[in-house]
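Listed here are the chains, written in short residue letters.
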Amino acid sequence: MTLKSTKVWYLIHKWTSLVCMAFLLLLCITGLPLIFHHEIDHALGYSVDPPELPDTGARADVDSIVADAAARRPGEAVQFLVGDPDEPEFWFIRLGETVDAPEASAFFIYDARTGAFLHEYPLGQGVMNVVFRLHYDLFAGLPGTLFLGAMGLVFVFSLISGVVLYAPYMGKLRFGTVRRARSPRIKWLDLHNLLGIATFVWLFVVGLTGVINTLAIPIFGHWQSTQLAEMIASQGDGSSQSAEAPSVQGALDAARAAMPETELSFMAFPGNGFASPRHFVAFMQGTTAWTSKLLKPVLIDAHTAEVVDHRDLPWYATALLLSQPLHFGDYGGLPLKILWAVLDIIAIFVLGSGLYLWIKRRNMSFEMWLTAMQTERSETVVPGAVSRQPASRS
Amino acid sequence: MSRPLTATQIWAAPLALGLLSIVGLVAALMADGIGDIVSWIALGVPAAAALWFACTPGGRNGSIG
């Protein structure tokens, strides 16, 4: 690499890093407790453990659960029936002010075996909600989410430029070198390079999947207005409607029968944006490690409880679904979460050391940086670069 | 001054850690059980290597062996 292109990459690294630094520090710090949000929710009593019951295989009727949930919130509407194959003892019911309201008004937890109401998850409360909103949208809704996505994209470019600079920096230093005996600046520059390059792939993947996750609302919006709209339109105008209330259990059974080897992830109720005015849409997930990350939407006539269509999600929605576990680190048990936390703390050190180096030598020129990386025994090899220091500080 | 390192000398360790990271990130996605264990090990190595070199006072300190 020529000296000139190294200098360009140096400037790219410096400025992309400075642009996203504050937000990436915020994301890494708030992301740390969010890795363990499931455990923290249980510890705080926000979630519950299923009661100990003899395993009879009995399952409660979902319609009675839905009716109970609706009766607890008169005037509101059940939006989703949510399952969790990792916790098959539970059904979750999400309600909203209306069936298609974007915000949830209540989130109830039921025992799937007995149908008993177990708990109401407290929405929008507590310190973990503050942590989540800071990480998710800065309390600013979709614009906040998209802004954080843009910062994540800048971070990805900062990572790439950092890797490009690794080779010229390490021209004479073996991997893992930390020159402790030297000035703090040299020591932290070495640490910045070591920690950054060792964790680069993880940082890149978590950064990029985070960016993709910020596009969740536009991505599903596009799916709703194209594929879902097509599926619904192909069903005609719904003249076969009966006056009977739709059977949720019937719809769930039909979806399961149509899609063997799957289990319900969530089911949108008629009138919701993920369904149609006359159909449920059940999003079924597979039962293996890989297929459980993917969803298959099944369109079910709400009155006849018949499956009328099902399709695979398009590639962009699948990319989003795979980005979720790769960002959250929740797909390999507690040891993987702990590794996620360790790597996140290392990322905080990479960011912090980069910030320290900038503050310490805010006016450090490219030539001085080059000097630092090329010096082996003494810090003052290029007198010109050093003599510029006092002047450039003023 | 010591001799410059070759590209292989510079990139061998980062490349190995990067490939291990990819294996670690993907394994638990593909399979439960053994896939999880492969993930823990493969993703644990880069984290452990970073911490080892960062925290070992007697480690490499600039002298090229």
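See above for the structure.
Keep in mind that what you see is a predicted model, and the values were worked out from it rather than measured.

Novice: What exactly am I supposed to notice about the overall build of chain A here?
Specialist: Helix and strand content of chain A: 13 helices and eight strands. Residue burial in chain A is summarised as follows: out of 394 residues, 49% are buried. Put simply, of all contacts in chain A between residues at least 6 apart along the chain, 62% involve residues at least 24 apart. Accessible area of chain A: about 17,900 Å², with a carbon and sulfur share of 63%. Across chain A, the mean location of the 28 positive side-chain charges is 25 Å away from that of the 35 negative side-chain charges.

Novice: Just checking my understanding: could you explain the packing of aromatic side chains for this structure?
Specialist: The relation between two aromatic rings is expressed through the spacing of the ring centres and the mutual angle of the planes. Residues and elements named next belong to chain A. All chains considered together, the criterion is met by 25 aromatic pairs over all chains. Measuring from ring centre to ring centre gives 5.0 Å for F132 and Y136, while their planes differ by 15 degrees; the resulting arrangement is stacked. Note that F132 and Y136 are positioned in helix α4 (residues 126–136) at a spacing of four residues, about one turn of the helix. Using a relative accessible area of 37% as the deciding quantity, one classes F132 as partly exposed. On the basis of relative accessible area, Y136 is assigned to the partly exposed category, the value being 35%.

Novice: I'm lost on the interface of chain B and chain A in this one. Help?
Specialist: The extent of an interface is frequently quoted as the accessible surface area lost upon association of the parts. At the junction of the two partners, chain B supplies 38 residues and chain A supplies 38 residues. Summed over both partners, the interface of chain B with chain A comes to about 3,500 Å²; 71% of that surface belongs to carbon and sulfur atoms. Between the two partners, chain B and chain A, sit seven residue pairs in polar contact (both at pLDDT 80 or more). For the side of chain B that touches chain A, the secondary-structure elements that each account for two or more residues are α1 (7–30) and α2 (34–55) of chain B. No other element matches α1(B), which puts 13 residues into the side of chain B that touches chain A. Class assignment for the residues of the side of chain B that touches chain A results in 24 nonpolar, ten polar and four charged.

The rules behind the values
Residues numbered from 1 in each chain as written. Chains lettered and ligands numbered in written order. Predicted model: local features only at pLDDT ≥ 70, side-chain atom pairs only at ≥ 80, totals over all residues. Heavy atoms only, no water. Helix = DSSP H or I, 4+ residues; strand = E, 2+ residues; numbered from the N terminus. Buried < 20%, exposed > 50% of the residue type's maximum accessible area, 1.4 Å probe, protein only. Contact = heavy atoms within 4.5 Å. Areas by Shrake-Rupley, 256 points an atom, 1.4 Å probe, with all protein chains shown as cover. Lys, Arg positive; Asp, Glu negative; His and termini not counted. Charge placed at Lys NZ, Arg CZ, Asp CG, Glu CD. Phe/Tyr/Trp six-rings, centres within 6.5 Å; stacked < 30°, edge-to-face > 60°. Buried area = accessible area lost by both parts, 1.4 Å probe. Polar contact = N/O pair within 3.5 Å; in protein donor to acceptor, adjacent residues only side chain to side chain. Nonpolar A, V, L, I, M, F, W, Y, C, P; charged D, E, K, R; others polar.

Read these as spatial facts, not as claims about activity.
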